[in-house]
Each structure stands twice: as structure tokens, then as C-alpha cells.
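Results of the structural survey
Below, each chain spelled out in residue letters.
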Amino acid sequence: METSYIEFVQNSSVLHHNFQKSQEECLRLKERLDMMTRDNKDLEKKLDFARKLLDQEKSNTKAVERERDNLDMQIAQVKELFLRDRNTRRVIPEDTLEKLAFLDTIRIDNEEAPHLSCIPEVNSTGSILSNFSYSKSEDDLDISGKFHWKKHRPSTGAALEQPATKKRRSSGNRIVEISTNDTVRATTTLTMPKNGPITATSVIEAVPLAPSAPISNAYAPSAPPPDTPQSKESYKHFREAPGIPSDIVFQSWARSEGPPKPVRAKFERVDAKSRQESNNDIGYGQKQHVLQMKLIMMPNNCIVCHKKIGFTKSAWKCKDCKNVCHMECKDQLSTLCIPVVNTPNQGNGLGVISDYTGTIPPLVPPIIIHCINEIESRETKEVGLYRVPGSEMDVKNLKERFLRGKAAPCLNDVDVYVLCGVIKDFLRSLEPLVTKNLLKDFFRAAEHNNNQMLFQTISELPQSNRDTLAYIILHLQRISELKEVKMPADNLAKIFAPTLIGFTSENLKDKSEVITELMQQINVMKFLLATPPSYWESLIHVNQTQCGARLQQTPSTDSLLIRSTKTPMRLQGNTPKKRRFFPTPPDNRY
Amino acid sequence: MASRKKVLLKVIILGDSSVGKTSLMNQYVNRKFSNQYKATIGADFLTKEVTVDDRSVTMQIWDTAGQERFQSLGVAFYRGADCCVLVFDVTAPNTFKSLDSWRDEFLVQASPREPENFPFVLLGNKVDLEPRSISSKRAQQWCQSKNNIPYFETSAKEAINVEQAFLAIAKNALAQQNSAVDLYNEFPDQIKLTNTQKPSNGGSSCC
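Heads up: these notes are all about the structure in this document. Values in this document were obtained by computation on a predicted structure and should not be read as measured data.

Here's the deal with helix H4 (residues 99-110) of chain B
- Taking 1.5 Å as the rise per residue, H4(B) with 12 residues should run 16 Å; its terminal C-alpha atoms sit 16 Å apart, in good agreement.
- Positive phi appears at Ser111(B), one or two residues downstream of H4(B), with a value of about 35°.

If you want it as C-alpha cells, here you go:
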């Protein structure tokens, strides 16, 4: 009896033990199940995300492919036009025919790779994810900083490869008319080197026609195929256009970096005469004011008549350049619209040029455009522009007013030396336009007097630096031509060299080193000033036609880039640098 | 003691750009005035032998660049100066206004032993030009407020007062050298038994 009872107790204790164990096991399993379901959810989310990305990528690919097909068609049409049409064949010179022979090979290339092989469509989700999240985080970094105001801008990301030029082309253009007496002559030059970029330039001119000549004949031989979007576009120009001088020249060109990429079409009108007449509104000439009706709360002067606009009166205000004008002055509004740029690091003067430029090319800070325009519009003949100092106080005040991010101050009665001072002072407060990493290349190019090298180096500059440099050099070249000012290129080079070119290191202790570097700087500056204006103009003009997506990226990427390369120097802190470069007299003077 | 060695006076000319620093120096040393209008790079110097108080003195006149950007270089040349010449343009008020900053800048960068008594000379250049915007009275007032700096009105173009001004500069510089130990001499000096106010290692303070 007793033994069996003991046995029972033992059994029950074992059972109890087992029960507890299995309960624990149950709990553990439950936990694991939870974890697994969570994991599962996560993974599903990831899968969804990846699918979305894949879809996006596919649609991108499709868009790109469509683009490519489109361009293929264009090429085919061009080919047809030039090779099959006997009439044309006779017209085209031999060398052009030779160039066009490449058309065939390029087509074959495209057929070999019907899909874009560079996008790994069958890759594991993981790698795409990681790739993408990586780039995404980079974007975030970009956006989260001071450039977040660009976020709302359209056409970032997906449609990057699509040329946004079509829209721009047709919308913002001047209107052109061709009278019945004119003929349109189009010349298209296609350059297709085996590996290099494809360039197609078409010049469409309106040529006054002898009244008797048949118009249809003049159209036929060399006009581009009417089906291609490009030519359609250009025809539209002509049809819609009233009141254009007949010697205006249209130019369009398409460029691509190799067969698989879509050809980016660019359109530009070049009006040689008017450009020479109004050199100073390069780039910003076409920008229209975006006027909005506003109630005036802050006392402000009308930019047309320069009179005060009364408190709580309505007035027109431009959204971009923040200028205001009376209701009745609107018709005479002709001042350039140069969008005000919010400077992220106002206050401390040190920074890079791209912090001050807008997003519309050419990327030149408004302060520079305004001052240069004002100086040039006065046609001043004052001796020693840029050499004679302006009043310190005035320079300082004017510069501050510019950088406050409000409407541009009225420059009508500002002393011209003060304007020069503002330009010099502003540039001096930034890092030199020539970035440190390229400085040596500039020195070398100037030493060998090598134009090719110089152009190459200039093209490596960040866009805002390059545009501003071009803008300033063009201005200086004009100044140097004025005999009365007595500031030949030599003098200007001396004055601007340390500001625009800069030193290789800030800690040059040795006098002789400083002097040799100064001489090198001045040589570079002289060389830049001796470079023909047409080159600089082309820099500004080409930039103007770049598609939107790239332009937006430029300022942020530039400044990030510069910052990363310059970290050691920046870490030195502002104060010591300031002291070294802006000793007391100039300090007081701004 | 100074008479035994060849005396070298280092004179620095400072002032805003285009006030005529280079022209003044050229007029004094070469007796030439050029209509050329050229900005100076960094700094340049000319020497001239003069006789002051029956002593032959070599004046080393340093012409600096007035451009704001060049000032980072100019400071290297300030050191060891015996006299500082401030130049302004009597027709340009700005150039007069910035004299203060030039003076302060020089004193900070050159760190002379007695900033209060360091010899400055003020030149108002271009008196041949009309209209004048800085009267001589105003300039003199400024000079008085700065411990009686000698003031000369000169014209580099017409060679008015240039000789006299530089003679005064030489005298002032010499007086400065005599009053203090010749710290900037490149030859190691003998032990001096005369009354020296400064410790012999004072020279390191300027580097």
C-alpha cells in the first residue's frame, strides 16, 4: 500500500515535471511563432517594396527604350532621307556621306541589345534593395539638409533619362514668324564617331527669297524629315512666329554619350546680333517675371519708377525676384528677373559659390549679375574700375542688403566703385572659383599656353563655378577693352588673380613661394582673359539648355563634393582662416 | 654705434589702392613719373642712398600692393620696418577713412616694441588734382590725434614735396633706430654697454 502510494507520488511528480516542461516548450514555440510571423511580415513588406522598385525600374526601362526606339526611328528617317533619296544624295557632299555610313553599324548595335543589359532585372531582391536603399538614403541626406526646399520640384528621380526639353522648347520661346517671302533652309550635320558621342547639329535659317522662286522647291532638298519630333518642333516655331528678323538662326543639336543611352535633344536659338547687343543679359534675358498681386506691408520702392509704394496698397510682386512695382507701372516693367536665392549660410561669409546661385542656369549668383549689369548699363568710363576702392561702409551695407534674400536693392545712385567693391568683396568672402584640386592643372595649362588643356580643366569645374567664372571673365574682357578706364587685362588679372584663382595652400609661409604662386595665378588669369569671348559665351549658353533634372542636382552635389574634398581645411575653423586672409583693413572695409 | 655700420632703413609705404604709392616711390628714387596705370603685385622695393645729419644712410623703400586681396601677403613685409608711410589721396575721401585701419593693421602685424612711439608719416598725395575733398586741416587733426604724426602734402606727378617728405621719413626712421637697439641687424652685434632698454633676446618677439 505504502509502496504503491510512494510510486504514485513519484509518478505524479514526474508528470508534473513533464507538464511544466511542455508548457515551457509551448511558450517558447509561441514566441518563436510570433517572431516568425513578424519576420514574415517584414519580408513581405520588403518583397512589396522590391516589386514596386522593379516595376518602377521596368517602366523606366520602357520609357528609355521607347525613347531609344524613337531616336532609332529618327536616325532611320535621316538615313532614308540622306541615302535613299537620289536628289539629296547629289546635294550632300562626299564627306558627309562618309560620316553617314556609320548609321548602319549603329543600328546593328542597337538590335543586338534590345534590352538594356545594364539593369540587372533578375538579380536577387536583396541586392536591389540594398542598392536602392543606399541611394535612397543618399537622397535623403541631400534633401534633409538645406536643400529641402527643392523637394517639391518635379522631375527628380524616375524620369531622369527623359529629355524634358520638349516642353521647355515649345513653351518658353520667343515667337517667330516667317513671311511668305522667306524660305526656310535647314542644314543638319550628324557626326557619328565609332565610340565617341553622337552629335547632330541642325541649323534652320529663314532666308529672304527672291519673289519669283517657288517656295516648295526651296523647302524640299535639305529640310529634316517632317515626321521626327525635332523637326516638327522647329516647324511649329516657324508657323507660330510673328515678327522675327529674317536673319535669325536656329540651332538644335542632339548629343549622347554612346549608342545604348538615349539621345538627349537640345534646342537653342542663337541670335548672333542681338547677343552682341545685349551681352549682359546672357541667360537671364528670357526669364519672365512671375507677377502676383500683393498688399504692400513693408515700405518698398517700385522698380520701374523708383517711387515708394504706399502702405496697404496693392502692387505687383514677382514671385521669383521679389521685386515690386505699381499697378500702373506694370507695362513698363523691363528689369531682368533674377530669382532671389536663399543663402543657406548667411552671416558667416565663408562658403562656396554654389550656395549663392539659383537653380536656373547659368548658375551665377544674383548679386554678381545685378552689379555687373548695373556697371555695364552705365557705360562708365571711370578710371580704375575694380582698382580704386569704394567706400567701405557702402560696400558693406550694399553687400548685406543683397545677401539678405530680399528683393535686389536699387542700384541707380550707387557709386560705381562701390559696385566693383561689392563684387570683389563678395568673391573674396568665398572660396576661390578655381577649386583647389584643379589649381595645379590651371597653372600647367597657363604655363604651356595650352588652350585644349585649359578648356578641359574648365570643364571639370563645378557648374556654378564655371558659369560664374565665365560671366565674370566676359565682363572683365569688356572692361579691359575700354581705353578710358585704364584697366587693361594685365591690371585686372593682378587684381582678380588672388580672388578667383587662389593659392594652393593657405599656409604659405615662404615669401618667395607666395610670389611665385602669385605670378602663376596672374598668368592663369591673363590666359583666361585672353581666351576668346565666344568660348565663355558658349559655356553659359550650353548650360542654359541642359535639362531640368540635372540642373537641380548640381548645386547640392557640387557643394557636397567640395565640402568633402575640403574637409581638412574647413576643420581648421573659420577664425584663423579669416585672420590670415582678411587682415584688419579689409575686415573693416566690408 | 650706428654710425660705425652702414645704416639700413626699412620704410614701408601703405595705403589704399591707386593713391600713388608706387608713383611716390618712383618719383623719389628715380625722379620719374609714369602715366602708366599698373596695379602692384604683392610688394616691391627700391633702395636709395641718402645723407641724413652727415650720415650716409641706405633707405630701403617697400612699396606694397593696396588691393585688399594682397594684404595677406603684405604683412610678411611689414616686419622689421623702421618707419611706416601712410598715403592717401586728397581727392578720395575713402582713402583717408581707411588710414586708421591701415595703421592698426601695421601695428598688429609688425608688432613694434613701442607702438605708441613708432614713427609714422602721413602723405596726402595728388595735391595737383582738383577738386580736393580732404582739407589739410582735417588731415592734420587726424595726425594730432595719433601722437603728432608728421604730415606732408605731396604730388608724385609734379614732384611737390616728395624730397622733403622722404627726408623727414629718413630722419624719423633714424631716430627710431637710434633710440632702440638695432634688433634687425643681420650681423651679430657686440655686447653693448650703452643704455639698452630691451633684453637682447627681444628679437624673437617679432617672429
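Let us keep going from here.
Looking at the interface of chain B and chain A
- In this assembly, 23 residues from chain B lie in contact with 33 residues from chain A.
- Between chain B and chain A, a total of about 2900 Å² is buried, with carbon and sulfur atoms accounting for 58% of that surface.
- Of all residues in chain B, Tyr37(B), Glu68(B) and Arg69(B) bury the most surface against chain A, accounting for 30% of the area lost on that side.
- Linking chain B with chain A are 0 salt bridges, by the criterion used here.
- Remark: the boundary between chain B and chain A carries 6 residue pairs in polar contact (both at pLDDT 80 or more).
- Elements with a minimum of two residues in the side of chain B that touches chain A: helix H2 (71-78) and H4 of chain B.

Some words on the pairing of strand S3 (residues 55-64) of chain B
Residues and elements named next belong to chain B.
- For S3, the buried fraction is high: 9 of the 10 residues fall into the buried class.
- As judged from the 7 bridges shared by strand S1 (residues 7-14) and S3, these two strands associate in the parallel manner. Residue pairing across strands places Lys10 opposite Gln60, the latter belonging to S3.

Observations regarding the environment of Ile134(B)
Residue and element names in this part refer to chain B.
- Here Ile134 shows up in the loop between strand S5 (120-125) and helix H5 (136-145).
- On a C-alpha basis, the gap between Ile134 and Pro93 in space is 6.3 Å, while along the polypeptide they are 41 residues apart.
- Not counting residues up to four positions away in its chain, the partners in contact with Ile134 are Phe88, Val90, Pro93 and Phe96.

What to know about the packing of aromatic side chains
All names here are of chain B.
- Taken as a whole and assessed by the stated rule, the structure comprises 13 aromatic pairs over all chains.
- Note on Tyr28 and Phe166: the rings are 4.2 Å apart at their centroids and 10° apart in plane angle, and the pair reads as stacked. Placement of Tyr28 in helix H1 (residues 21-30) and of Phe166 in helix H6 (residues 162-179) is noted, with a sequence separation of 138 residues between them.
- Clustering of aromatic rings is evident, with ring pairs tying together Tyr78, Phe106, Phe118 and Phe120.
- Over the face of the ring belonging to Trp62 we find Lys10, whose NZ or CZ atom lies 4.8 Å from the ring centre.
- Over the aromatic face of Tyr28 sits the side chain of Lys48, whose NZ or CZ is 4.8 Å from the ring centroid.

Regarding the environment of Glu114(B)
All names here are of chain B.
- With respect to the helices and strands, the residue Glu114 is situated in the loop between H4 and S5.
- We classify Glu114 as partly exposed; its relative accessible area is 39%.
- As for Glu114 and Gln176, which are separated by 62 residues in sequence, their C-alpha atoms are 9.9 Å apart.

Some points on a nonpolar patch on the surface
- Judged by side-chain polarity, Tyr5(A), Ile6(A), Phe8(A) and Val9(A) come together as a nonpolar surface patch covering roughly 420 Å² of accessible area.
- Relative to the helices and strands, Tyr5(A) resides in helix H1 (residues 2-84).

Considering unusual backbone geometry
- Omega for the bond connecting Glu130(B) with Pro131(B) falls within 30 degrees of zero, at -10°, which places this linkage in the cis form.
- Position of Pro131(B) relative to the elements: it lies in the loop between S5 and H5.
- One non-glycine residue, Asn449(A), lies in positive phi territory at about 55°.
- By relative accessible area, Asn449(A) is classed as exposed at 55%.

Calculation notes
Residues numbered from 1 in each chain as written. Chains lettered and ligands numbered in written order. Predicted model: local features only at pLDDT ≥ 70, side-chain atom pairs only at ≥ 80, totals over all residues. Heavy atoms only, no water. Helix = DSSP H or I, 4+ residues; strand = E, 2+ residues; numbered from the N terminus. Expected span 1.5 Å × (residues − 1). Contact = heavy atoms within 4.5 Å. Buried area = accessible area lost by both parts, 1.4 Å probe. Salt bridge = Lys/Arg side-chain N within 4 Å of Asp/Glu carboxyl O. Polar contact = N/O pair within 3.5 Å; in protein donor to acceptor, adjacent residues only side chain to side chain. Buried < 20%, exposed > 50% of the residue type's maximum accessible area, 1.4 Å probe, protein only. Pairing = 2+ DSSP bridges. Phe/Tyr/Trp six-rings, centres within 6.5 Å; stacked < 30°, edge-to-face > 60°. Lys NZ or Arg CZ within 6 Å of the ring centre and 35° of its normal. Patch = residues over 30% accessible without salt bridge, like charges linked within 9 Å, V, L, I, M, F, W, Y side chains within 5 Å. Areas by Shrake-Rupley, 256 points an atom, 1.4 Å probe, with all protein chains shown as cover.

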